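Commentary on secondary and tertiary structure
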Amino acid sequence: MKHKYYVNKRRQTGSGNNNEIHRDGCPWTWMPSDAKYLGEFDSSEDALQAAKRTYPDADGCAHCCPEINHDKR
């Protein structure tokens, strides 16, 4: 099943200092003006690869995309 994914245009502050990827519906998604729509993907890994083309440090949200979250906490 495909899901819509977004990436924060500005880096998060705190643990990862990266641009986070969020799945549609995540309560942690920033305001639309701060998010870039990545598209619909079959997997969060595909969304991560798409985000890394523009944001090389992109990482998954710990809440909605834990399978691609690599933050060191």
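Residues numbered from 1 in each chain as written. Predicted model: local features only at pLDDT ≥ 70, side-chain atom pairs only at ≥ 80, totals over all residues. Heavy atoms only, no water.

With that settled, the discussion passes to the overall build of the protein. Counting its regular elements, the protein contains one helix and four strands. Counting across all 73 residues of the protein, residues that qualify as buried make up 41%. When contacts within the protein are restricted to residue pairs at least 6 apart in sequence, long-range pairs at least 24 apart make up 57% of them. Surface summary for the protein: the accessible area is close to 4,500 Å², and the carbon and sulfur share equals 51%. (Helix = DSSP H or I, 4+ residues; strand = E, 2+ residues; numbered from the N terminus. Buried < 20%, exposed > 50% of the residue type's maximum accessible area, 1.4 Å probe, protein only. Contact = heavy atoms within 4.5 Å. Areas by Shrake-Rupley, 256 points an atom, 1.4 Å probe, with all protein chains shown as cover.)

What follows is about the state of the cysteines. Summed over all chains, the structure comprises zero disulfides. Distance from the sulfur of cysteine 26, which forms no disulfide, to the nearest cysteine sulfur (cysteine 64) is 3.5 Å. (Disulfide = S-S within 2.5 Å.)

It is worth spelling out the side chain of serine 44 at this point. Looking at the element boundaries, serine 44 is found in helix α1 (residues 44-52). At a separation of 2.5 Å, a polar atom in the side chain of serine 44 contacts the side chain of glutamate 67. Among residues more than four places away in sequence, those in contact with serine 44 are Tyr5, Arg23, Cys65, Glu67 and Ile68. (Polar contact = N/O pair within 3.5 Å; in protein donor to acceptor, adjacent residues only side chain to side chain.)

Taken as a whole, this structure holds three salt bridges when the rule is applied. Between arginine 10 and aspartate 34 there is a salt bridge; the shortest N-O distance is 3.1 Å. Taken together, the residues span a long stretch of sequence, with arginine 10 in the loop between β1 (3-8) and β2 (20-23) and aspartate 34 in the loop between β2 and β3 (35-41) at a distance of 24 residues. For aspartate 34, a relative accessible area of 19% translates into the label buried. In this structure, aspartate 57 and arginine 11 form a salt bridge, with 2.9 Å as the shortest nitrogen-oxygen distance. Pair noted here: aspartate 57 is in the loop between α1 and β4 (59-60) and arginine 11 is in the loop between β1 and β2, with a separation of 46 residues, a long-range link. Judged by its relative accessible area of 23%, aspartate 57 is partly exposed. In this structure arginine 11 comes out as partly exposed when scored by relative accessible area, which is 46%. (Salt bridge = Lys/Arg side-chain N within 4 Å of Asp/Glu carboxyl O.)

Before going further, it helps to spend a moment on the environment of isoleucine 68. Position of isoleucine 68 among the secondary structure elements: in the segment after β4. Isoleucine 68 gets classed as buried once you look at its relative accessible area, which sits at 1%. Setting aside residues no more than four positions away along its own chain, isoleucine 68 makes contact with Ile21, Ser44, Glu45, Leu48, Asp59 and Gly60.

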